[in-house]
Amino acid sequence: MIVMFTARRLKPGAWEQFRQAWEPEGPMPPGLQRAYHARNIRDEDEVISFGVFDMTEQDYRQWREDADASENQRVDRLSAFVQNEYVSGVYEVIDTVDG
């Protein structure tokens, strides 16, 4: 499993525009199980976004190679509504905890 995660501070009041720009123009990446956007309950402009993907690291690298241009365009579009990006990355799931 792969998790793509980003924590951002949006420009004030830019949630709706950010959310529209976040959506890819083509299909979602392969293996997407679910994507989440979560807002800090104390600060509506602080948002984390993460997606859980049923893919290997090699699957991710292949998708990224194939989709590089369109993914860079998507990130450029949504970056217009971002004030600061605190952390962003692609992570391999190494442990799970059930409730």
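Now for a look at the structure at hand. (Residues numbered from 1 in each chain as written. Predicted model: local features only at pLDDT ≥ 70, side-chain atom pairs only at ≥ 80, totals over all residues. Heavy atoms only, no water.)

**Digging into the pattern of salt bridges**
- Inspection of every chain in the model, using the stated rule, returns eight salt bridges.
- Here Arg8 makes a salt bridge to Glu85, at a shortest N to O gap of 3.8 Å. Of this pair, Arg8 sits in strand S1 (residues 2–10) while Glu85 sits in strand S4 (residues 82–92), and the two are 77 residues apart along the sequence.
- Given a relative accessible area of 7%, Arg8 falls into the buried group.
- Judged by relative accessible area, Glu85 falls into the partly exposed class, the value being 42%.
- What you see here is one network of salt bridges that share partners, running through Arg9, Asp43 and Glu46. (Salt bridge = Lys/Arg side-chain N within 4 Å of Asp/Glu carboxyl O. Helix = DSSP H or I, 4+ residues; strand = E, 2+ residues; numbered from the N terminus. Buried < 20%, exposed > 50% of the residue type's maximum accessible area, 1.4 Å probe, protein only.)

**Re the packing of aromatic side chains**
- With the rule as written, the count across this model stands at four aromatic pairs.
- Taking 5.9 Å as the distance between ring centres and 50° as the angle between the ring planes, the aromatic pair formed by Tyr60 and Trp63 counts as tilted. Of the two residues, Tyr60 and Trp63 are both situated in helix H2 (residues 57–79); the distance of three residues between them amounts to about one turn of the helix. Here Tyr60 matches Trp63 in class, with each residue buried.
- Through successive ring pairs, a cluster of aromatic residues spans Phe5, Tyr36 and Phe50. (Phe/Tyr/Trp six-rings, centres within 6.5 Å; stacked < 30°, edge-to-face > 60°.)

**Describing the sheet that holds S1**
- Here four strands make up an open sheet; going across it, the order is S2-S3-S1-S4 and the pairing antiparallel. Each of the sheet's edge strands pairs with one partner strand only, and the pair in question is strand S2 (32–40) and S4. Pairwise comparison of adjacent strand axes, ignoring direction, gives a mean angle of 10° for this sheet.
- Relative to strand S3 (residues 43–53), S2 runs antiparallel, the two being bridged by eight bridges. Along S3, the bridge assignment pairs Tyr36 with Phe50.
- Sheet strands in contact with helix H1 (residues 15–22) are S1, S2, S3 and S4, and its direction is about 165° off that of S2.
- Sheet strands in contact with H2 are S1 and S4, and its direction is about 15° off that of S1. (Pairing = 2+ DSSP bridges. Axes fitted to C-alpha atoms, helices over the stretch in contact; angles between N-to-C directions. Contact = heavy atoms within 4.5 Å.)

**Some thoughts on the pairing of S1**
- Of all nine residues in S1, seven are buried, a share of seventy percent or more.
- Where S1 and S3 come together, eight bridges link them in antiparallel fashion. What sits directly across from Arg9, in S3, is Glu46.
- Two elements, S1 and S4, share nine bridges in a ladder whose sense is antiparallel. Paired with Leu10 across the two strands is Val82, which belongs to S4.

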